[in-house]
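# A closer look at the structure
Each chain is listed here by its residues.
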Amino acid sequence: MAHLTSIRELSREGALALLEDAGALLDAAERREPLPAALAGKTVVNLFYEASTRTRSSFELAARRLGATVLNLSAATSSATKGETLADTVANLEAMHADIVVLRHPASGAAHHLATHPRLRAAVVNAGDGMHEHPSQALLDALTLRRAKGRLEGLKVAICGDIAHSRVARSNALLLPMLGAEVRLAGPRTLLPRPLDALGCPTFDRLEPALEGADVIMMLRIQQERISGAVFSTLREYARTFGLDDSRLRLAQPDALVMHPGPINRGVELTSALADGPRSVVLQQVSSGVAVRMAILRACAARLDG
Ligand code: NCD
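Every value quoted in this text rests on a predicted model; they were computed, and no experiment measured them.

Looking now at the sheet that holds strand β9 (residues 257-259). Hydrogen bonds along the backbone pair up the strands of a sheet, which may run parallel or antiparallel. Spatially, the five strands line up as an open sheet ordered β7-β6-β5-β8-β9, and their pairing is parallel. Each of the sheet's edge strands pairs with one partner strand only, and the pair in question is β7 (203-204) and β9. Lying over the sheet, helix α5 (residues 135-149) contacts β5 (156-160), β8 (216-219) and β9, oriented at roughly 160° with respect to β9.

So this is what it looks like as structure tokens:
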């Protein structure tokens, strides 16, 4: 794997190999076993032009636990504020021998732009590009599901909320069906992709039909930072019609899991009781995230050495 900018770059076999590797790393981490120093001598740069808690810290921990040197740069404190282009910033990091650049950027396509830039050589990992993709999030969701349910094949996964602006929904809508799961999307009409079948999954403008018989419910935050104008009347009304609570959860399978990529807006898309309840795997998603990011970085490093 030279780069990971989109789930589209992965074959089914490639995705399964990453999940196997991540699963073994997660087992080792849980048993507090020493991890392989697969990134010794490598420099990983976390280049973040958008806010992040989980993604940035888990890429940093993943890189450090595999022995890499890590540099964290955020747009607010970099020369991006002085007008430097993204490619120039990365060329300068390469001049300091950066091997892998983990990029989060508000522009859809930013990671692809770097990965295909003729002047640049570093491996590029997409940590979220605008409304486009968030491949490591989809992989960590798949790993969490595989461990919690023992399989992905045949699972009915309802992804609910602001689908139109969600890179998490987009990457999961590509990855989970490739691994045998059935994805349904649900949200208010104003927050659904256009055309409705754009992501290739059944799409509903109400929550209930998507939740019916679901094995997994993934709730999403309203991506306010990507929305201009009004898309629903009030937050209270949104919570009432599109929030997940106990009564809606009862439409799903009795053992249905509740997921959320974070950050959660408690009381909006998800009640606090469900976020912290026995069906929630929100914190397992976070643990899976470190392992999946270790597997991704290791695959990129192996390619750099090969
Ligand atoms: C998501 C993101 O940034 O796309 N968060 C994350 O990476 N855990 C979802 C979100 O911000 O709502």
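Next, the rest of the story.
Turning our attention to the nonpolar core. Generally speaking, nonpolar side chains in soluble globular proteins are found buried as a group. One finds I100, V102, L139, V157, I159 and L297 to be the most contacted residues of the largest nonpolar core, which totals 61 residues. Considering every element that reaches this core, the biggest residue donor is helix α11 (residues 282-305), with nine residues. Structurally, this core is a two-domain feature, drawing no fewer than three residues from each of domain 1 (7-132 + 288-305) and domain 2 (135-285). Excluding residues that lie within four positions of it along the chain, V102 makes contacts with V44, V45, N46, L47, F48, F59, V125, A127 and L297. The next biggest cluster of nonpolar side chains, apart from the first, holds 24 residues, and it includes A210, L211, I227 and A275.

One way to put it is that α5 packs onto α11 with a least axis distance of 8 Å and a crossing angle of 120°. Relative to α11, the element α5 is oriented oblique. In this structure, α5 crosses over α11, and the sense of that crossing is right-handed. On α11, the residues touching S136, Q137, L139, L140, D141, L143 and T144 of α5 are Q284, Q285, S288, G289, A291, V292, R293 and I296.

Relative orientation of the contacting elements helix α1 (residues 12-30) and α5 amounts to 65°, with a least axis distance of 10 Å. Our classification of the angle between α1 and α5 gives roughly perpendicular. As α1 runs across α5, the sense of the crossing is right-handed. Contacts between α1 and α5 involve A15, L16, L18, L19, E20, A22, G23, L26, D27 and E30 on the former and, on the latter, L139, A142, L143, R146 and R147. Of the residues that constitute the contact of α1 with α5, the class distribution is nine nonpolar, one polar and five charged.

Under the counting rule described, the total for this entry stands at 21 salt bridges. In this structure, E50 and R226 form a salt bridge, with 3.0 Å as the shortest nitrogen-oxygen distance. Within this pair, whereas E50 is found in the loop between β1 (43-48) and α2 (54-65), its partner R226 is found in the loop between β8 and α8 (235-242), the two being separated by 176 residues in sequence. Assessed through its relative accessible area of 17%, R226 is described here as buried.

Rules of the game
- Residues numbered from 1 in each chain as written.
- Predicted model: local features only at pLDDT ≥ 70, side-chain atom pairs only at ≥ 80, totals over all residues.
- Heavy atoms only, no water.
- Pairing = 2+ DSSP bridges.
- Helix = DSSP H or I, 4+ residues; strand = E, 2+ residues; numbered from the N terminus.
- Contact = heavy atoms within 4.5 Å.
- Axes fitted to C-alpha atoms, helices over the stretch in contact; angles between N-to-C directions.
- Core = buried A, V, L, I, M, F, W, Y, C linked by side-chain atoms within 4.5 Å.
- Buried < 20%, exposed > 50% of the residue type's maximum accessible area, 1.4 Å probe, protein only.
- Domains from an automatic or database assignment.
- Parallel < 35°, antiparallel > 145°, perpendicular 65-115°, else oblique.
- Left-handed = near helix turned anticlockwise from the far one by under 90°.
- Nonpolar A, V, L, I, M, F, W, Y, C, P; charged D, E, K, R; others polar.
- Salt bridge = Lys/Arg side-chain N within 4 Å of Asp/Glu carboxyl O.

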